[in-house]
Amino acid sequence: MPTLAQMTGSLHIHNFYIGKLKAKQEQLFDSDPDLAMLLDNVATILSEHAAVLADDIADTEDDDT
């Protein structure tokens, strides 16, 4: 099981890349809608994983108190 620090770091990385993907998707929306859709799908998957990770972090923090 990863440590709380590792999970928190991973969550920050997820959120960083979600932001990057969303920004690039907006730039490409008019010029390459297929690529924009692909980037949106990847961002959605990362967002779902980040939500699970956030729940795991909350559970771990609750266990520590």
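Placed above this text is the structure.
A brief look at the structure comes next. Throughout this document, residue positions are counted from 1 along each chain, in the order its sequence is written. For a predicted model such as this one, the threshold for reporting local features is a pLDDT of at least 70, and the threshold for listing and counting side-chain atom pairs is 80 or more; totals across whole chains, interfaces and linings nevertheless cover every residue. Neither water nor hydrogens contribute to the side-chain values; these are computed over all heavy atoms in the structure.

1. Things to note about the nonpolar core
Operational definition: Among buried residues, those of type Ala, Val, Leu, Ile, Met, Phe, Trp, Tyr and Cys that are joined through side-chain atoms within 4.5 Å constitute a nonpolar core. Three exposure classes are used, based on accessible area relative to the maximum for each residue type with a 1.4 Å probe and protein chains only: buried under 20%, partly exposed in between, and exposed over 50%. Numbering goes from the N terminus for both helices and strands, where a helix is a DSSP run of H or I of at least four residues and a strand is a run of E of at least two.
Within the largest apolar cluster, six residues are counted, these being Met-7, Leu-11, Ile-18, Ala-50, Leu-53 and Ile-57. Looking at this core, the elements that each hand over two or more residues are α1 (4-28) and α2 (33-64). Listed in part, the five residues of the second largest apolar core include Leu-21, Leu-28, Ala-36 and Ala-43.

2. Section: a nonpolar patch on the surface
Our working rule: To count toward a patch, a residue needs a relative accessible area over 30% and no salt bridge; like charges are then connected within 9 Å, while nonpolar side chains (Val, Leu, Ile, Met, Phe, Trp, Tyr) are connected within 5 Å. For every accessible area listed, the method is Shrake-Rupley and the probe measures 1.4 Å; residues are considered covered only by the protein chains on display. Whenever Lys or Arg places a side-chain nitrogen within 4 Å of a carboxyl oxygen from Asp or Glu, that contact is recorded as a salt bridge.
On the surface, Ile-13, Phe-16 and Tyr-17 cluster together to form a nonpolar patch covering roughly 330 Å² of accessible area. The residue Ile-13 is located in helix α1 in this model.

3. A few points about the packing of α1 against α2
Note the following rule: Axis definition: a line fitted to C-alpha atoms, limited for helices to the stretch in contact. Angles are taken between N-to-C directions and run from 0 to 180 degrees. Throughout, the term roughly parallel applies to angles under 35 degrees, roughly antiparallel to angles over 145, roughly perpendicular to angles from 65 to 115, and oblique to all others. By definition, any crossing whose near helix is turned counterclockwise from its far helix by less than a right angle is left-handed, and any crossing with a clockwise turn is right-handed. Amino acid classes used here: Ala, Val, Leu, Ile, Met, Phe, Trp, Tyr, Cys and Pro are nonpolar; Asp, Glu, Lys and Arg are charged; the rest, including Gly, are polar.
The interhelical angle for the contact between α1 and α2, taken along N-to-C directions, is 160°, at an axis separation of 8 Å. By the criterion of interaxial angle, the relationship of α1 to α2 is roughly antiparallel. Seen along the crossing, α1 lies across α2 with a hand that is left-handed. Looking at the contact of α1 with α2 residue by residue, the class counts come to 18 nonpolar, eight polar and six charged.

4. Thoughts on the side chain of Gln-25
Just so we agree on the cut-off: Residues count as neighbours in contact if any of their non-hydrogen atoms are within 4.5 Å of one another.
Tracing the sequence through the fold places Gln-25 in helix α1. Judged by its relative accessible area of 15%, Gln-25 falls in the buried class. When near neighbours in sequence (up to four residues on either side) are disregarded, Gln-25 contacts Ala-36, Leu-39 and Asp-40.

5. Some remarks on α2
Filter applied, for reference: The length a helix should cover is 1.5 Å for every residue beyond the first.
The end-to-end C-alpha separation of α2 is 46 Å, in line with the 46 Å expected for 32 residues at 1.5 Å each. Among all positions in α2, only Ala-36, Leu-39, Ala-43, Ala-50, Leu-53, Ile-57 and Thr-60 are buried. On the buried face of α2, the contacting elements are α1.

6. Topic: a negative patch on the surface
The condition is simple: Here the positive residues are Lys and Arg and the negative ones are Asp and Glu; neither His nor the chain ends is included. For charged residues, the charge sits on one atom: NZ in Lys, CZ in Arg, CG in Asp, CD in Glu.
On the surface, Asp-55, Asp-56, Asp-59, Glu-61, Asp-62, Asp-63 and Asp-64 cluster together into a patch of negative charge. By secondary structure assignment, the location of Asp-63 is in helix α2.

7. So, the packing of aromatic side chains
As a reminder, the rule being used: Pairs were defined over the aromatic rings of Phe, Tyr and Trp, the Trp ring being its six-membered one, requiring ring centres within 6.5 Å. Orientation was assigned from the angle between planes: stacked under 30 degrees, edge-to-face over 60, tilted for the rest.
Throughout the structure, instances matching the rule amount to one aromatic pair. Measuring from ring centre to ring centre gives 5.1 Å for Phe-16 and Tyr-17, while their planes differ by 85°; the resulting arrangement is edge-to-face.

Geometry only, nothing functional implied.
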